[in-house]
Amino acid sequence: MKRYLKLLSLTFIFTVLAACGEKPMDNQTDVPPPASPDPDAPSLSILFIGNSFTQDAVNHLPGMLKAAGIKTVHMVDMYYGGRLIQQYNTGWETSKDYTMYECKPGQSSWTSVKGKSLAEVAASREWDIVTFQEHTGSKYAWTWNAETKGHFNKLMAKMTATQKEKPEYYYILSQAYQDNAQIGQGSASQITWTDHVGMWSVVSAFAQNVMKDIPFDGIMSTGAMLENLRTTSLNNDLGLSRDGFHMDYGLARYGASCVLFETLITPVFDVTLDKNTYRFTKTGDGYTPVTDKNAPIALEAARNAIKKPFEITDMSNR
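Residues numbered from 1 in each chain as written. Predicted model: local features only at pLDDT ≥ 70, side-chain atom pairs only at ≥ 80, totals over all residues. Heavy atoms only, no water.

A short note on the sheet that holds strand 1 (residues 44-50)
Taken together, seven strands build an open sheet; the order of strands is 4-3-2-1-5-6-7 and the sheet is mixed. In this open sheet, the two strands that pair with only one neighbour each are strand 4 (111-114) and strand 7 (218-220). Neighbour-to-neighbour, the strand axes of the sheet open up by a mean angle of 25°, direction not taken into account. As defined by bridge partners, strand 2 (residues 73-79) adjoins strand 3 (residues 99-103) across five bridges and the pair is classed as antiparallel. Bridged to Tyr79 within strand 3 is Thr99. Packed on one face of the sheet, helix 8 (residues 196-213) meets strand 6 (168-172) and strand 7 and runs near 170° to strand 6. (Pairing = 2+ DSSP bridges. Helix = DSSP H or I, 4+ residues; strand = E, 2+ residues; numbered from the N terminus. Axes fitted to C-alpha atoms, helices over the stretch in contact; angles between N-to-C directions. Contact = heavy atoms within 4.5 Å.)

Next up, the structure:
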């Protein structure tokens, strides 16, 4: 995207000069205008670093991009289940147990490859946007302290060191658990809440400290989107999850991807999701199909989360 914008700027300058009748100086060598940017070259490259909650957030993005007619976005999701910010940092070069999910420009689905470290993938190209996500089901996402802050800063510094220009950084604030019993034994003793709303207050307070102390360019609150959706008539016994903590494969994941799309994609391509035709029709346990009727409600929940990333917006009239 950075190189793409530079080419556009040069093309614009030459166009303006030609329109104004400007000629080169007598002693100036004629310079041919720059070639038009390759229409199939990536105009936006995004690296997601995270866990299964990141997968929840990014899963439906390829389908949304295809339906929007956008063919120049390159995305990679570096995934390892349950991993923490501190583990991304300490295993930067040594951990090669990630699954690298990739959606190349123009593709409509994710493909996977294993055996690559964060260091290798980070250095493999220039990234316009990089996202981090903490694992909200861990005690390390409940209390902000100097050690945790240090891991965030070190991870960001390592990422930046691989790039010619600093990328934009975003923090993904993921979901509160519907079922406390799904929180691991190592953290369960430190639970101070009784329901998902109580957990949300803890993880959102943590995220506010993240945004105050770490130089992120923005936040994408997929967790607020889910809490908003839980206030609607679409909520169910599992709180729109598939197992008490991961998002429902259909509607909840769709809403999470709406947050990412309208935060990262819309400003670049000036395309919203209002008329996007992507739908997800699979049914079964943990699957709420995305339909023409409920998709606008999920999009509204996402937009409310973009406006108020740390708050629950009452949508009980939907």
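Picking up where we left off.
Considerations on helix 10 (residues 251-269)
Because an α-helix completes one turn every 3.6 residues, residues spaced three or four positions apart along the sequence face the same direction. Along its length, helix 10 reaches its greatest deviation from straightness, about 40°, at Phe261. Within helix 10, 16 of the 19 residues are buried, leaving the element largely enclosed by the surrounding structure. One or two steps after helix 10, the chain reaches Asp270, where phi turns positive at roughly 55°. (Bend = angle between axes of the 7 residues up to and from the residue. Buried < 20%, exposed > 50% of the residue type's maximum accessible area, 1.4 Å probe, protein only.)

Details of the packing of helix 9 (residues 222-230) against helix 10
Interhelical geometry of helix 9 versus helix 10 gives an angle of 135° and a closest axis separation of 9 Å. Taken together, the axes of helix 9 and helix 10 are oblique relative to one another. Between helix 9 and helix 10 lies a crossing of right-handed hand. Residues Thr222, Met225, Leu226 and Leu229 of helix 9 form the contact with helix 10, whose participating residues are Leu251, Ala252, Gly255, Ala256, Val259 and Leu260. Class assignment for the residues of the contact of helix 9 with helix 10 results in eight nonpolar, two polar and no charged. (Parallel < 35°, antiparallel > 145°, perpendicular 65-115°, else oblique. Left-handed = near helix turned anticlockwise from the far one by under 90°. Nonpolar A, V, L, I, M, F, W, Y, C, P; charged D, E, K, R; others polar.)

Observations regarding the packing of aromatic side chains
Scanning the model with the defined rule gives 15 aromatic pairs in all. A ring pair is formed by Tyr171 and Phe216, whose centres lie 5.6 Å apart and whose planes are at 50°; its orientation type is tilted. With a gap of 45 residues between them, Tyr171 in strand 6 and Phe216 in the loop between helix 8 and strand 7 connect regions that are remote in the sequence. Judged on exposure class, the residue Tyr171 and its partner Phe216 are both buried. Grouping aromatic residues by their ring pairs yields a cluster made of Phe132, Trp144, Phe152, Tyr169, Tyr171, Phe206 and Phe216. Sitting over the ring of Tyr80, Arg83 keeps its end group 3.8 Å from the ring centre. One residue, Arg125, lies across the ring of Trp127, its end atom 5.6 Å from the ring centre. (Phe/Tyr/Trp six-rings, centres within 6.5 Å; stacked < 30°, edge-to-face > 60°. Lys NZ or Arg CZ within 6 Å of the ring centre and 35° of its normal.)

As for the side chain of Asn294
By secondary structure assignment, the location of Asn294 is in the loop between helix 10 and helix 11 (295-307). There is a polar contact of 2.9 Å between the side chain of Asn294 and the backbone oxygen of Pro289. Within the structure, Asn294 has its side chain in polar contact with the backbone nitrogen of Thr291 (distance 2.8 Å). Aside from chain neighbours lying at most four places away, what touches Asn294 is Leu234, Leu251, Thr288 and Pro289. (Polar contact = N/O pair within 3.5 Å; in protein donor to acceptor, adjacent residues only side chain to side chain.)

Observations regarding the environment of Met78
When you line up the elements, Met78 lands in strand 2. Distance in space between the C-alpha atoms of Met78 and Ile49 is 5.0 Å, their sequence separation being 29 residues. Apart from the residues within four sequence positions on either side, Met78 is in contact with Leu47, Phe48, Ile49, Gly50, Tyr98, Thr99, Met100, Lys116, Ser117, Leu118 and Val121.

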